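Now for the letters of each chain:
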Amino acid sequence: MTTVVFEALRMRRRRTRKSRGFGVTGIVATAVVGLAVLAALLAPVIAPYDPNAVDFGLTYRPMEPWALLGTDGSGRDILSRLLYGARTSLLGPAVVVLVAAVVGTLLALVAAISGGWVDRILSRIFDIGFAFPGLLLAILAVSVLGPGFTTAVLALAIAYIPFIARIVRSVAVGEMSLPYLSALVTVGQSRTRIAGRHLLPAVMPTVLAQLTISFGYAMVDLAALSFLGLGVQPPDADWGLMISEGQRGVLQGYWEEATFAGLAIVIVVAAVSLIGDRLADRVSLNREGR
């Protein structure tokens, strides 16, 4: 009797979560991310000033109608730099997760479809790479190759590959144990064909969910590198770099630059994380319903 009641409650909870769908929170989070992307794309059109235009006669001006968010220590308009900074702050994480997702998914499929010693070797590589902090790897790469946006992005992309590969491999191995895939292997169908036509579509929801979740982590990591002077270099606009440059202003009582850049990172990361959580919930519900 207890088992029946527990199962009924579990099914009711699943139906409630499924009917809730993306929810109001998910819709708001999607709108926030959409606005951030739109601001980055339209920055040359909507930014009131050149983000790199220096005017030492206008340093640390307060928020006024002609400078809605004030100016920084070099007299540059903070709003314009926020809009242009959205470009690197969003493009960098997008490249990181796309490269990591493509390479990680490919390696995960190879491990799952091959099995045996190939799977064991790749799994150990994934475990070793996952244990190594991504930010530390990026710092080492930048120390060797020199600071810059491209170096930081590529180093973080390599560091994120094991994270995505481990998760996708676990899902792919589970799919390979299903009867229909086992039957295809038994009748001698090409493993490459099985991976492309059956296994890849099955793991794609998991890949998309992890890609979204990883975007927030990559954004924070890249902002940290720029804050340390290892990512985007002055005078380019970037939210992490703006926090670093705004530190001097905070010490003098001018909080605008660092605060608004920090809020931009927090809001976008929170919104992307919420979207990733909703996608992960849907993936989990789909697996339970199978």
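Keep in mind that what you see is a predicted model, and the values were worked out from it rather than measured.

The rules behind each value
Residues numbered from 1 in each chain as written. Predicted model: local features only at pLDDT ≥ 70, side-chain atom pairs only at ≥ 80, totals over all residues. Heavy atoms only, no water. Axes fitted to C-alpha atoms, helices over the stretch in contact; angles between N-to-C directions. Helix = DSSP H or I, 4+ residues; strand = E, 2+ residues; numbered from the N terminus. Parallel < 35°, antiparallel > 145°, perpendicular 65-115°, else oblique. Left-handed = near helix turned anticlockwise from the far one by under 90°. Contact = heavy atoms within 4.5 Å. Nonpolar A, V, L, I, M, F, W, Y, C, P; charged D, E, K, R; others polar. Salt bridge = Lys/Arg side-chain N within 4 Å of Asp/Glu carboxyl O. Buried < 20%, exposed > 50% of the residue type's maximum accessible area, 1.4 Å probe, protein only. UniProt positions renumbered as here; feature names shortened; annotations may be inferred. Phe/Tyr/Trp six-rings, centres within 6.5 Å; stacked < 30°, edge-to-face > 60°. Expected span 1.5 Å × (residues − 1). Arc of directions from axis to C-beta. Core = buried A, V, L, I, M, F, W, Y, C linked by side-chain atoms within 4.5 Å.

A. View of the packing of helix H5 (residues 116-131) against helix H7 (residues 149-176). Contact geometry of H5 with H7 gives a least axis separation of 8 Å together with a crossing angle of 135°. The angle between H5 and H7 places the two elements in the oblique class. H7 is crossed by H5, and the crossing has left-handed handedness. Where H5 approaches H7, its residues Asp-119, Ser-123, Phe-126, Asp-127, Gly-129 and Phe-130 are matched on the opposing element by Pro-162, Phe-163, Ala-165, Arg-166 and Arg-169. When its residues are assigned to classes, the contact of H5 with H7 shows five nonpolar, two polar and four charged.

B. Looking closely at the pattern of salt bridges. Following the criterion strictly, the structure yields eight salt bridges and no others. Between Arg-76 and Glu-245 there is a salt bridge whose closest N-O contact spans 3.3 Å. A residue pair is termed long-range when its members are at least 10 positions apart, and Arg-76 in the loop between helix H3 (43-46) and helix H4 (78-114) and Glu-245 in helix H10 (residues 239-251) qualify at 169 residues. The pair formed by Arg-76 and Glu-245 is uniform in burial state, with each residue classed as buried. A salt bridge links Asp-127 to Arg-166; its shortest N-O distance comes to 3.0 Å. Of this pair, Asp-127 sits in helix H5 while Arg-166 sits in helix H7, and the two are 39 residues apart along the sequence.

C. Expanded view of the UniProt feature "transmembrane region" (unreviewed entry) in the chain. Here the UniProt-annotated "transmembrane region" (unreviewed entry) positions come out as residues 21-47, 90-113, 125-145, 151-168, 199-220 and 258-280. Overall, residues 151-168 shows 100% helix and 0% strand. The separation of its end C-alpha atoms is 26 Å. For the annotated span residues 199-220, helix accounts for 100% and strand for 0% of the residues, and the straight-line distance between the end C-alpha atoms is 32 Å.

D. Spotlight on the packing of aromatic side chains. The tally for this structure, following the rule as stated, stands at two aromatic pairs. For the pair Trp-255 and Phe-260, a centre-to-centre distance of 5.7 Å together with 50° between the ring planes defines the contact as tilted. Judged by relative accessible area, Phe-260 falls into the buried class, the value being 19%.

E. Quick look at the side chain of Gln-210. Here Gln-210 is to be found in helix H9 (residues 191-227). In this structure Gln-210 touches Phe-163 and Ile-167, once residues within four positions along its chain are discounted.

F. Focus on helix H6 (residues 134-145). An ideal rise of 1.5 Å per residue puts 16 Å on twelve residues; H6 measures up with 16 Å between its terminal C-alpha atoms. Those residues of H6 that sit buried are Gly-134, Ala-138, Ala-141 and Val-142. Projection of H6 onto a plane perpendicular to its axis shows the buried side chains occupying an angular sector of 100°, all on one side. Counted as exposed and oriented over 90 degrees from the buried face of H6: Ser-143 and Val-144. Packed against the buried residues of H6 are H7 and H9.

G. Inspection of the environment of Leu-90 at higher detail. Here Leu-90 is to be found in helix H4. What makes Leu-90 buried here is its relative accessible area of 11%. Considering only alpha carbons, one finds Leu-90 and Ala-40, 50 residues apart in sequence, at a separation of 8.0 Å. Look past the residues within four positions of Leu-90 in its chain and what remains in contact with it is Ala-36, Val-37, Ala-40, Phe-215, Met-219 and Val-268.

H. Main features of the nonpolar core. Core analysis: the largest hydrophobic core is formed by 57 residues, its most contacted members being Leu-82, Leu-90, Val-96 and Trp-239. Those elements giving two or more residues to this core turn out to be helix H2 (23-41), H4, H6, H7, H9, H10 and helix H11 (256-289). For this core, the element with the most residues is H7, which contributes 13 residues. Leave out the neighbours within four places in its chain, and Val-96 touches Val-153, Leu-156, Ala-157, Tyr-160, Ala-218 and Leu-222.

I. A look at unusual backbone geometry. Note the cis peptide between Pro-234 and Pro-235, where omega equals 5°. Take Pro-235: it is sitting in the loop between H9 and H10. With a phi close to 50°, Tyr-60 is a non-glycine residue in the positive phi region. The residue Tyr-60 is located in the loop between H3 and H4 in this model.

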